[in-house]
Amino acid sequence: MGHSGHPSPLMTDLLRHSGGVAIIDGGLATELERHGADLNDPLWSAKCLLTSPHLIHTVHTDYLEAGADIIITASYQATIQGFEAKGYTTESSGKVLKQRPIIVAASVGSYGAYLADGSEYSGIYGEAVNLETLKEFHRRRVKILAESGADLIAFETIPNKVEAQAYVELLEEENIEVPAWFAFNSKDGINVVSGDSLIECATIADRSKRVVAVGINCTPPRFIHELISSIRKVTTKPILIYPNSGECYDAEIKEWVHNTGVSDDDFVSYVNKWCDAGACLVGGCCRTTPNTIRAIYKTLANRSTDAPM
Ligand SMILES: C[S+](C)CC[C@H](N)C(=O)O
Ligand SMILES: N[C@@H](CCS)C(=O)O
Ligand SMILES: [Zn+2]
C-alpha cells in the first residue's frame, strides 16, 4: 500500500490551515440553474462561461461565504471539441488569479461528460474509445488548464479504469506540474460506475506522484463510507469525497429526478463518519448547494482538531 511518497505541500498546508479537514464546494451547475441558467446544452455548466460569467462569479462567492476552502471551476464540460462545435476557434486561455488560502481546482470532466448523454454515469464508451483516443481527447484541454493559474486539476466523475490510466499517462507525458486529484463515481458502493474495480482505479491514482488526493464525487451519500474504506486500503494519499444528493440524473431531459435525494440534515449526518473513516477533503457535488456546504462547515467546526487525517 502507498506508492505515494511524501505528502504534497499543497495538501499538507491546506489541511494544516483547515484544522485537519478541508471543505470542497458544492454543486456548481445546480446553483447556476437556481440562478436562472438553462443548462440544456451540450456544454452544460460550461455554457455559462459564454453566456453568464457573472453567475459563475456569484456561485463561487456564495460557496466561499458558506465556508468552502476549495472551489471547482466551470470547466467540467468545457472541452476544446465542445467549444469548436459551437464555432469557437482555439486560443490560449487567460490566467486565473490565485487567492490564498483558497484553492482553485480546475475541473476536468470525463469523456462521458463531453458526450453530453450521461455517459459519465455508465463509463461505457464503446470499442472505438481506448487509452490512446482518451489521451488525445483530453491532452490540449489539460495543458491549457495546467497553465491557467489554477492550484490543482480536479479530474472529476471518472467512471472507468481506462480513463484514469489515460489521465495518469497524460500528466506524465506532458510533465504537468500542477497537482491533480482523481475523483471516481460509483452506483453500488463497491465498484466505479462502469463496473471496474475501485481498488484498481484508486491504485492507478496512488501510483502517480502527480496525484495528491484520491476519492469519490457525484455518488449517493449512502455509498460513501464503504468506498472510503476501499480506497484507504490502497493509498496513503488524502482522501476526498464530495457526494451528490443521491438523486438520479436523466440525461434525456438534462434534469435530476427528485425522489431519491437526501436532505442537507441527512447529508451532514454522515460527515463525521466519513472523516473518521479517513476522508480529509469533504464537500458536495450535483444538487448540493451553499446551504449544504454551510452545514458541513458547522459540523466540522465542532469537530476536534486532532481528528484522524
Ligand atoms: C455531471 S452530469 C449531471 C453533467 C451533464 C451531462 N454530462 C450532460 O451533458 O447531460
Ligand atoms: N463540478 C461539476 C459537476 C461534476 S459531476 C459541476 O458542479 O458543475
Ligand atoms: Zn456531480
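Refer to the structure above for everything that follows.
What you see is a predicted model, and the numbers here were worked out from it, not measured in a lab.

Participant: Can you walk me through the packing of helix α7 (residues 131-146) against helix α8 (residues 161-173) in this structure?
Facilitator: The angle between the axes and the distance between the axes are what describe a pair of packed helices. α8 packs onto α7 with a crossing angle of 50° between their chain directions and a minimal axis gap of 9 Å. Between α7 and α8, the angle is such that the two are oblique. Considering the relative orientation of α7 and α8, their crossing is right-handed. In this structure, α7 uses L131, L134, K135, H138, R139 and V142 to contact α8, whose residues at the interface are V162, E163, Q165, A166, Y167, E169, L170 and E173. Per-class residue counts for the contact of α7 with α8 are seven nonpolar, two polar and five charged.

Participant: Would you explain the coordination of the zinc ion (ligand 3) in this entry?
Facilitator: For a metal with four donors in a tetrahedral arrangement, the ideal angle between donors is 109.5 degrees, while six donors in an octahedron ideally sit at 90 or 180 degrees. Only C218 (SG), C285 (SG) and C286 (SG) from the protein reach the zinc ion (ligand 3) as donors, at distances of 2.2 to 2.4 Å. Classification of the site at the zinc ion (ligand 3) as tetrahedral follows from its four donor atoms and the range of 97 to 126° in their angles at the metal. One chain supplies every donor for the zinc ion (ligand 3), spaced along it as C-x66-C-C. For C286, a relative accessible area of 7% puts it in the buried group.

Reading the values: the criteria
Residues numbered from 1 in each chain as written. Chains lettered and ligands numbered in written order. Predicted model: local features only at pLDDT ≥ 70, side-chain atom pairs only at ≥ 80, totals over all residues. Heavy atoms only, no water. Axes fitted to C-alpha atoms, helices over the stretch in contact; angles between N-to-C directions. Helix = DSSP H or I, 4+ residues; strand = E, 2+ residues; numbered from the N terminus. Parallel < 35°, antiparallel > 145°, perpendicular 65-115°, else oblique. Left-handed = near helix turned anticlockwise from the far one by under 90°. Contact = heavy atoms within 4.5 Å. Nonpolar A, V, L, I, M, F, W, Y, C, P; charged D, E, K, R; others polar. Donors = N, O, S within 2.8 Å, 3.2 Å for Na, K, Ca; no water. Tetrahedral: all angles 85-135°; square planar, octahedral: opposite > 155°, others 65-115°. Buried < 20%, exposed > 50% of the residue type's maximum accessible area, 1.4 Å probe, protein only.

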